[in-house]
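# An overview of the molecular structure
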Amino acid sequence: MDDWVLVASFDEMSDAVDKEKARIEDIALDVGLLPELVVKVEQKDKVQILIHPEFYSYYQG
């Protein structure tokens, strides 16, 4: 499994999680990627938004 990159962390599931996930999904679409393949939300001790390493590489430039 690839090492997904943590981009946001929240104490609990809330509207803020949904808004941030939607914002990141819009960025994925802007660079021609399918959001459902490159963005995911996991709930462990905290709610985490993770992105695929290839998507993260767009940020690194």
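For the structure itself, consult the block above.
Structure report, in brief.

### Things to note about the sheet that holds strand 3 (residues 47–51)
The three strands lie next to each other as 1-3-2, forming an open sheet whose pairing is antiparallel. Edge positions in the open sheet fall to strand 1 (5–10) and strand 2 (39–43), since each of these has one partner strand only. Taking the axes of each pair of neighbouring strands and ignoring which way they run, one obtains an average angle of 25 degrees across the sheet. The strands touched by helix 1 (residues 15–30) are strand 1, strand 2 and strand 3; relative to strand 3, the strand with the most contacts, the crossing angle is about 5 degrees.

### Things to note about helix 1
Over its 16 residues, helix 1 extends 23 Å from the first C-alpha to the last, a length consistent with the 22 Å expected when each residue adds 1.5 Å. Listed in full, the buried residues belonging to helix 1 are Val17, Glu20, Ile24 and Ala28. All buried residues of helix 1 project into a common sector of 85 degrees when viewed along the axis, lining one side. Exposed side of helix 1, more than 90 degrees from the buried face: Asp15, Lys19, Leu29 and Asp30 are the residues found there. Buried positions along helix 1 lie against strand 1, helix 2 (35–38), strand 2, strand 3 and helix 3 (53–60). Where helix 1 ends, the next residue or the one after it, Gly32, has phi of about 85 degrees, a positive value.

Thresholds, definitions, all that
Residues numbered from 1 in each chain as written. Predicted model: local features only at pLDDT ≥ 70, side-chain atom pairs only at ≥ 80, totals over all residues. Heavy atoms only, no water. Pairing = 2+ DSSP bridges. Helix = DSSP H or I, 4+ residues; strand = E, 2+ residues; numbered from the N terminus. Axes fitted to C-alpha atoms, helices over the stretch in contact; angles between N-to-C directions. Contact = heavy atoms within 4.5 Å. Expected span 1.5 Å × (residues − 1). Buried < 20%, exposed > 50% of the residue type's maximum accessible area, 1.4 Å probe, protein only. Arc of directions from axis to C-beta.

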